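# Summary of structural features
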Amino acid sequence: MGSLMRSEQMVLCQLFLQSESAYSCVSELGELGLVQFRDLNPDVNAFQRKFVSEVRRCDEMERKLRYIEREIKKDKIPVLDLGDNPDAPAPREMIDLEASFEKLENELREVNSNNEALNKNFLELTELKHILRKTQQFFDEVDTQNRTLRTVDDERTGLLVPDNSVSAVGQRLSFVAGVILRERVPAFERMLWRACRGNVFLKQAQIDVPLSDPVTGDEVWKSVFIIFFQGDQLKTRVKKICEGFRATLYPCPESAAERREMAMGVMTRIEDLKTVLSQTTDHRHRVLVLAAKNIKNWFIKVKKIKAIYHMLNMFNLDVTQKCLIAECWCATADLDKVHHALKRGQERSGSNVPSILNRMATSQKPPTFHRTNKFTKVFQSLIDAYGISSYQEINPAPFSIITFPFLFSVMFGDFGHGFIMFLAALWMVLRERQLQAKKSDNEIWNMFFGGRYLILMMGAFSVYAGLLYNDIFSKSINVFGSSWSVPSGVYFFNDSVDNWLTSATLEPSPYHLFENKSGRYYLPYNETTSSFSGSPYPFGLDPVWAIATNKLTFINSFKMKLSIILGVVHMMFGIWLGLLNHTFFNQAINIFCEFIPQVLFLSCTFLYLVVEIIYKWVSWSAREPNLDTLTGCSPNLLIGMINMYLFTGGQYNNTLDPITHTNYTCSSANPLFGQEGEFVQKFLVIIIAVCIPWLLVPKPFLLWRRGVSKVDKSLVLQYNIVYLFYCLSLFY
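Residues numbered from 1 in each chain as written. Predicted model: local features only at pLDDT ≥ 70, side-chain atom pairs only at ≥ 80, totals over all residues. Heavy atoms only, no water.

Taken together, the four strands give an open sheet; going across it, the order is 4-7-3-8, and neighbouring strands pair in antiparallel fashion. The sheet terminates laterally at strand 4 (201-206) and strand 8 (248-250), the two strands that pair on one side only. Pairs of neighbouring strands in the sheet enclose a mean axial angle of 25 degrees, with direction left out of account. Its contacts with the sheet put helix 6 (residues 232-244) on strand 3 (174-181), strand 7 (222-229) and strand 8, and the angle it makes with strand 7 is roughly 165 degrees. (Pairing = 2+ DSSP bridges. Helix = DSSP H or I, 4+ residues; strand = E, 2+ residues; numbered from the N terminus. Axes fitted to C-alpha atoms, helices over the stretch in contact; angles between N-to-C directions. Contact = heavy atoms within 4.5 Å.)

Printed below as a string of structure tokens:
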């Protein structure tokens, strides 16, 4: 708890590592994870450092591994992850890894290239098969209808040309066949008609089965077409249009016998290609399965090698070029572990020269290091998201273990929803080992699982707040019996069914307001007609408020006052934690120029408001006010605070109720503490006015007089602006 309350004591260390053992020593320190190295070459370009070539080699290995990983995921092969954490390989093993990755990448690229070529050939043969089949159907239809598209006699006419046009003697109809994407057929047909001026005849049929794209592997739907035309000019124009629409043309014989012979040859080649493709796919699958077993460990090894060389680039070389000099921050309690890690690195490298660790005296501010466990880690991360505390300052994380879930429950006070949250978090806590072993890549799941202890605490506090609010899935439950009752006399106000009671305002006042369909009326207070029993609900909120017409008025007022109390306590607690920091660092100027005016300012504003809220709750009762002096009428806190800052005291203002004809109406301007409290309020406002310049002026002036550095003097204006906004935020 001590290291969590304040950060660990840090020390700056200087390391002298032999060149042959530096890699192993940094590897051991990295596995230990207890040091933070400083960059001793901040002015040196990243491309001019000593081990930049090794870092580039690691980048190249990572690129190859990412390519292999994409291929594994493309084939949907499960990646084996046993949760191993292999050690960083030795520098000489880096060459073997590079050779293995190079061989594997080249083999996969060659297999993919061959597979793509085979698939492309298979696609072409498949399309040719469908063309031969569909064109044969076209010609068969013509034969059955006794129509011919080509004339063998001397009577030859132009295609789609009237009988009285110029005859095309000595010419024959030509045709081309191919395939095109199905969605391009309408535009393709319109373009042919317009470009050829109606002198072509297009026939198309859809391919019933989808074809596979050889590059992407996606399914595509295509159609077979055949175009009849006359003349070389139209032929050239038709081919250009087909090329523009990315249609694939295939040779198609004119005679039926040649088409049947070609179809048989195509089917034979397709069967041979299927066999070759199957063997190629099996070989590729075997290669990827073997790679999937080691891909995770390969990634870890390469990342560790890259991290080691990145750290070595931050070191300096001595004049002999045989020793590396490094500086690092380390917790004082972990110095022995660092010594042992350096010794293991020396033994692992086989060097006979030991590494040297020296403690350095420095005036630089050490980094902040909080030692956490699996429970406190999420709360520390939550605090660090808002800002990391300075070295040796009070850490708010231990207090947020209680305050954050509690404040969450104040906003999310529902027993049902809170209990569901609690059970879900409890399940993750009880099965955390099994869930951690799954190594899920889902970012949302990892976020919830990492915050399981936070969700557990929030659920538990929400259950408690839900019981206080008597709120279970937005419903109230009457366990102990309500302390309120509707007076029996109101049910006999009128015998008509239309005038039965429809709503009631819960207010333990001398006159109760009720409402029916005929209108509103008051019932005088007495022992038999009182709606409030006089004793509160034993635990939490009375369930009758769930159906009261003035529910929002009461609940919102209560929760608003409760929020003010909790917020002021929270702010005051933070200011007193600041006092502990000031005393720890012997900063007397901060105590007199920050802490004291802050406490006075907050106490005279919001703490005084909290006192008023509690005093009003304790001293005033809405059930039995004094009708003669109206001293029982509770004052309005908002009006009272406004009068306080305007130096205008409240006055009693008694009015006559037009319905009951009694002095019942209370004025909101009635003072809280009577006429005697006006002097106290004026005194508090004077203190507030004094605290504002007290916060803004003395500390910057004293720092200026002390002769701080020019850099610090440039921050004085920023300091004043920040404090100004801070004071204004407290004031408003």
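Another point: the confidence of the model for the protein chain. Per-residue pLDDT for the protein chain has a mean of 80; in total, 79% of the residues score no lower than 70. Low pLDDT, under 50, characterises residues 488-502; the predicted model gives this stretch 23 contacts beyond four residues in sequence or across chains. (pLDDT = per-residue confidence, 0-100.)

Moving on: a nonpolar patch on the surface. A surface patch of nonpolar side chains, amounting to about 640 Å² of accessible area, comprises Tyr464, Leu467, Leu468, Ile477, Val479, Phe480 and Phe539. Mapped onto the elements, Phe539 comes out in the loop between strand 14 (519-524) and helix 15 (551-584). Assessed through its relative accessible area of 37%, Phe539 is described here as partly exposed. (Patch = residues over 30% accessible without salt bridge, like charges linked within 9 Å, V, L, I, M, F, W, Y side chains within 5 Å. Areas by Shrake-Rupley, 256 points an atom, 1.4 Å probe, with all protein chains shown as cover. Salt bridge = Lys/Arg side-chain N within 4 Å of Asp/Glu carboxyl O. Buried < 20%, exposed > 50% of the residue type's maximum accessible area, 1.4 Å probe, protein only.)

Turning next to helix 6. Taking 1.5 Å of rise per residue, 13 residues should cover 18 Å, and helix 6 covers 18 Å from first to last C-alpha, within 8% of that figure. Of the residues making up helix 6, those classed as buried are Leu234, Val238, Ile241 and Cys242. One face of helix 6 carries all of its buried residues, which in axial projection span an arc of 100 degrees. Set apart from the buried face of helix 6 by more than 90 degrees, the exposed residues are Asp232, Gln233, Lys240, Glu243 and Gly244. One or two positions beyond helix 6, positive phi appears at Arg246, with a value near 55 degrees. (Expected span 1.5 Å × (residues − 1). Arc of directions from axis to C-beta.)

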